[in-house]
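Fold and contact review
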Amino acid sequence: MAEEVVTCRRVSRTYAEEAVPVHALCRVDFELAAGEWVSLAGPSGSGKSTLLHVIGGLDQPTEGSIVVDGVEITGLAAADLSDLRLHKIGFVFQAYNLIPVLSALENVEFILQLQGVGRAERRQRSLETLDSLGIPELADRRPGEMSGGQQQRVAIARAIVTNPVLLLADEPSANLDTATTEELLDVLRNLNRSRGVTIVTATHDPMVMGYTSRQVNLRDGRVVTTGS
Amino acid sequence: MTDPRRDARAGDTGAMFVRVAWRNLWRRRLRTWMSASGMGFAIFLVSVSMSFQAGSYDAWIETATSLMAGHLQAQHPAYFDNPEVRYALTEGIALTRRFENEPGIVAVSPRTEAFALVSAGERSFGALIVGVDRERDMALSSLPDHLSAGEYLPGADSAFLGTALAANLGVDIGDEIVVLGATGEGGVAALMARVDGLFDTGRPELDRSVLQVGIASMQAGFDLGDAVHRLVIETRDARHASDLKAILQAAAPMDVRLLDWNELLPELEQAIQIDRASASMMYWLLLIVVAMSVINAFIMTVFERTREFGMLLAIGMRPNAIVGMLGIEAVCVWAIGVVIGIVLCVAVVLPLSAIGIDVSGIEGMEQLAAQLMMPDRLYPSLNVNVLTESPLWMLAGTLLGALIPALRVRRMQPVEALREEE
Amino acid sequence: MTRETGPPGGDPENSRSEFSNAPARGRNRIPVRLLLQFSWRNLWRHRRRNGILLSAIAVAVAGVLLLNTLLRGMQYDMMNTAIDNLTGHVKVLAPGYLDDPGIERGFDTPPDWQQVLDPDAVEGWAARIRVPAVIMSERETRGIQLVGIDPEQESISFLHTAAIEGERLTGRGDRRLVIGQRLADDLATLPGRRLVLVTQGADGRTREAGFRIAGIYRAEMSLVESAFVFTGRDALQDLLGTGDVTEISVRLADAPREAETMAALATAFEDLDVLSWRQLEPQAATMVAFADTSIYIYFLIVMGALVFGLVNTLVTAVMERIRELGMLRALGMRPRSVVAQVVTESSLIMATGVAIGIAVAGGVFSLVADGIDLTAFDDSLASFGMRPIFVPVVEATDVVLVAVMSLALGLVASFYPARRAVKIKPLEALQRR
């Protein structure tokens, strides 16, 4: 058995700000082994996005424990969570992934720069990553000059350029057509298989589910079934 | 990892932030131009107005001090509060020579003074009689420049008086007048003089009440010997007169009191202060209005880019770094505004500072100028202070205006920010 | 629908002409009430942003108004001080007196001359003798203006309210002096002491006489204190050997009726000059006129700075609503109505801001209405003809002027944003994401 990258124990997330408290997650247990590609599935409001967010340190659970790469992240200060996201986690979102004023290459470099990587190394790693995703020709284009699928590839490049322990993707294919979605999923599969990137996707796109190694179904904040 | 490399990286990251900030500005071209133009407008107005202030204060001081008072005066310690004939400086000539040799002093002119009755025929008026050393006084006083008839003290028994006083006395060039006053000991002081010149300064209180005669005849008539009442001193720079005063006072004999123009002409100093105060009220108002516009522009910016900030937070950028980036954006807008404002200001003021503005041409200004002792031509003056003060205040206002909305980023929850509608 | 999309940049005028054949013209117009409702709700959609904008307008308006009240206060003060200092609103003088004052330029007052004055317009008048004189104490000599007055008539000048150490003059026959504090200091004298006056009689010969000091007055300006010495008019006439006076000063209850009063006086004193305070105190008159101009300058500067922020916000408000406006256009709203909406919103923001600004200015004003003590600047203010404590003055016309000019500025500022809004093409706007 490979080591566990994520371990969630009895994780709950309750939104108490509403008039009626909403239990987005209810005592969820969830483990993720290195090299896995898990798909979180369920209708909207089932808690799949919330689970993705708490794992990624974007949101804090109300109860329970989350260990990412051996670090307990519940209760971490905001700055430490920022560092966690910067160094250990890569994010790909549904849309609005890139900094609009920067070219693809600059977008990828930007995150390395936040990590304090030197200029030459930064440039080299970014170009290599764009190459490995088959999009070297996009390097100098800005997000506004790219298609949705191209933007998502650049987003993936930015997410993996730091060699994160975990790649989180929230509805990455929501704005893409079928052919583009397939290309994107091929990219992710390639990453997962050849580079051993651990991936969690939250989606209700059935196409995605065909690619993943394991599927976790959520409903009303609880894990219903787990299967592959 | 060595420190220099880390520093280089920090500079590198800074450059990237500046690039991102600069490009972000041009996502909303109009807004950036509007904010920058607003700042430029304010900087332009304030700088131009300050250059005129600086120019006119210098001119006020020069015009006012050159008429009678001078930059500095040496007097008997009691004379300033009680201008009585007996409070005189003895050994006037020696003291004059002594001050003339001091560094920083351009000219020194000894004067005697007394209130006395001036008579011509049956008519008598009270006047201030001033005894002057013709050559020395001409070197520093502008009163001879206001000559309207005759000559300036051509002879030992000449008198030089205001046109209004001459009219009141019913005298003209060539007429004899008699001055009757009291000596320092209370005896009768008398001297005869011939009207050889008239002056017209446009200031009624001078034209109606001042009469100049040669210092030697006044010293003789008022039994003063070698004594004088004022040593009027012109320095190299009126603005540093009080510093020079302190130096001179320390070296001066016990019975000599030095006074600078702030003390001699308190109303001048205070006119400047009032003008400054009312102008700075205006400047503050402008600054606040512009800063509020900046706040508004950044509220809109932060609002529009909430999702983008959410994404930046999600990929691990710290909130303070985002606030810093917005700060850089603000500084960039400010820099554009400064360029606009300063370029305009220099373009307007530089030619004017050479040729000056004819104030007397403006309706009603002529009398005002005479009243306030202003010259006819105003030369606005550009200096580092004028060109930096309003930009610096504006920078403070801009940063404040940008940071107030930007600090919202620190309270942003990335998840909620990402969910925000575009 | 496609027609209405129009050419890019089609302005409202052109678009209207395209519709001039449309039969349903009258119906295609937003009722004003709906327009206002729209605009009002849009204001509340962006509370923070509009709140700041409103505050900026309010600060600017309040600031300008308060500066105005200060300027008006200074203006009134200079005017009143000029009038109080023995000038009055209107003065009757012999020709040439101003250049060469003396008793030989005196005149006889015809009986019943005051009947030409309308008692409703006039607060009071005083007939005086004012001649130059030399005053001497044991030690010192000064040149002064010797003024012979009827104390009962001097309710129109500063003397009426001035603080006096010692006694006031009891009547026009009182042969004692009232001198200023500054002069008393210069002469080193006190009430009860004697002073010698030298002046010229009506016959041209010099008169010299001793007078006792009844009292010492304090004036707001030291220049006044050192210049004017008062005595009874009849007593002075005795000394000078005349029955004439040198001036009649009239103070109006109703300042705007100055010209009318001057005309009436001119008929009663045919050979004499009738002059207004503006002619007698040109410096004060200039400063008063200058204050009027300053108000416009201040307004333009501050509001000019505001316009940049206003345009900014309005353009953003339009750009944010591109989809909404495009949808409304697609539904058949005419370009003109889009303009109307933007303009209404701008005007509403401006009007609200101006209202708040006026309220704030009113609040601040009520705090300082009793006057601001500027004693620190005393000497200098006196040289301008102002009092050390000065009271801000509100003029309704200034407030109205600022409000109207601000609203006009709001309209000007909405021009560009409205043009942007008109250029929105319905289809593009709807497709935009």
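Okay, so let's go over this structure. Throughout this description, residue numbers start from 1 for each chain and increase along the sequence as written. Starting at A for chains and at 1 for ligands, labels are handed out in the order in which the entities are written. Given that the model is predicted, a residue must reach a pLDDT of at least 70 before its local features are reported, and side-chain atom pairs must reach 80 or more before they are shown or counted; all residues, however, enter totals for whole chains, interfaces and linings. Side-chain calculation: all heavy atoms of the structure are included, whereas hydrogens and water are not.

1. Overview of the overall build of chain C
Cut-off, in case you're wondering: Here a strand is any run of E in DSSP of at least two residues, a helix any run of H or I of at least four, and the numbering for each starts at the N terminus. Contacts were defined at the residue level, with two residues in contact if any of their heavy atoms lie within 4.5 Å. Surface accessibility in these figures is a Shrake-Rupley result with a 1.4 Å probe; residues are shielded only by whichever protein chains are displayed.
Across its full length, chain C carries 16 helices and 12 strands. In chain C, the proportion of contacts linking residues at least 24 apart, taken out of those at least 6 apart, comes to 78%. Surface exposure of chain C reaches about 19,000 Å², of which carbon and sulfur atoms provide 56%.

2. Comments concerning the interface of chain A and chain B
Note the cut-off: Values labelled buried area give the accessible surface lost by two parts on being combined, using a 1.4 Å probe and summing over both. By salt bridge we mean one thing: a side-chain nitrogen of Lys or Arg within 4 Å of a carboxyl oxygen of Asp or Glu. For this analysis, a polar contact is any N or O atom pair within 3.5 Å, provided that within protein one partner can donate a hydrogen and the other can accept it, and provided that sequence-adjacent residues contribute only side-chain to side-chain pairs. The residue classification treats Ala, Val, Leu, Ile, Met, Phe, Trp, Tyr, Cys and Pro as nonpolar and Asp, Glu, Lys and Arg as charged. All others, Gly included, are polar.
At the interface, 32 residues of chain A touch 25 residues of chain B. Roughly 2,600 Å² is buried in total at the junction of chain A and chain B, and carbon and sulfur atoms are behind 60% of that figure. The tally of links between chain A and chain B comes to 3 salt bridges. Close ionic contact of Glu106 of chain A with Arg19 of chain B constitutes a salt bridge, the shortest N to O distance being 3.0 Å. Here chain A is connected to chain B by 6 residue pairs in polar contact (both at pLDDT 80 or more). Those elements giving two or more residues to the side of chain A that touches chain B turn out to be helix 2 (78-88), helix 3 (104-115) and helix 4 (119-132) of chain A. In terms of residue class, the side of chain A that touches chain B is made up of 17 nonpolar, 7 polar and 8 charged.

3. Let's talk about the arrangement of the chains
Summarising the chain contacts, 2 pairs of chains touch, and the pair with the most contacts is chains B and C. One thing to see here is that chain A and chain C don't touch, and their nearest C-alpha atoms sit 12 Å from each other.

4. Observations regarding the packing of aromatic side chains
Residue and element names in this part refer to chain B. Rules: Only centres within 6.5 Å qualify two rings of Phe, Tyr or Trp (six-membered ring in Trp) as a pair; their planes then separate them into stacked at under 30 degrees, edge-to-face at over 60, and tilted for everything else. Accessibility here uses a 1.4 Å probe with only protein chains present; expressed as a share of the type maximum, an area under 20% marks a residue as buried, one over 50% as exposed, and anything in between as partly exposed.
Taken as a whole and assessed by the stated rule, the structure comprises 17 aromatic pairs over all chains. On the basis of an interplanar angle of 70° and a centroid distance of 5.5 Å, the ring pair of Trp22 and Trp26 is categorised as edge-to-face. We classify Trp22 as partly exposed; its relative accessible area is 39%. Measuring from centroid to centroid gives 4.8 Å for Tyr152 and Phe160, while their planes differ by 80°, and the two rings are edge-to-face. A relative accessible area of 0% means that Phe160 is categorised as buried.

5. Some thoughts on helix 15 (residues 415-423) of chain C
Because each turn of an α-helix spans 3.6 residues, side chains separated by three or four positions end up pointing in the same direction. Rules: The arc in question is the one traced by the directions running from the helix axis out to the C-beta atoms.
Listed as buried for helix 15 of chain C are Pro417, Ala418, Ala421 and Val422 of chain C. With its buried residues spanning 140° around the axis, helix 15 of chain C presents them on a single face.

6. Details of the interface of chain C and chain B
Think of interface size as the accessible area that goes away when the parts come together; that is how it is often given. Contacts between chain C and chain B engage 59 residues on the former and 56 residues on the latter. Counting the surface lost from both chain C and chain B, the interface buries some 5,200 Å², and carbon and sulfur atoms represent 66% of this. Counting across the chain C and chain B interface gives 1 salt bridge. Where Arg123 of chain B meets Glu104 of chain C, a salt bridge forms, and the shortest distance between an N and an O atom there is 2.6 Å. At the boundary of chain C with chain B, the tally comes to 5 residue pairs in polar contact (both at pLDDT 80 or more). Elements represented by at least two residues in the side of chain C that touches chain B include exactly helix 4 (47-84), strand 2 (122-136), strand 3 (141-149), helix 10 (282-320), helix 13 (378-384) and helix 15 of chain C. The biggest single contributor to the side of chain C that touches chain B is helix 10 of chain C, with 20 residues.

7. Quick word on helix 6 (residues 178-194) of chain A
Residue and element names in this part refer to chain A. Our working definition: For a helix, the expected span equals 1.5 Å multiplied by the number of residues minus one.
Under the 1.5 Å per step criterion, the end-to-end length of helix 6 is 24 Å for 17 residues, consistent within 8% with the ideal 24 Å. Burial in helix 6 covers these residues: Thr180, Thr181, Leu184, Leu185, Val187, Leu188, Leu191 and Asn192. Projected onto a plane normal to the axis of helix 6, the buried residues spread over an arc of 150° and lie on a single side. In helix 6, the exposed positions angled more than 90 degrees off the buried face are occupied by Thr178, Arg193 and Ser194. Next to the buried residues of helix 6 lie strand 3 (37-41), helix 5 (148-160), strand 7 (166-170), strand 8 (199-202) and helix 7 (206-209). Where helix 6 terminates, the next one or two residues include Gly196, which has phi positive at roughly 70°.

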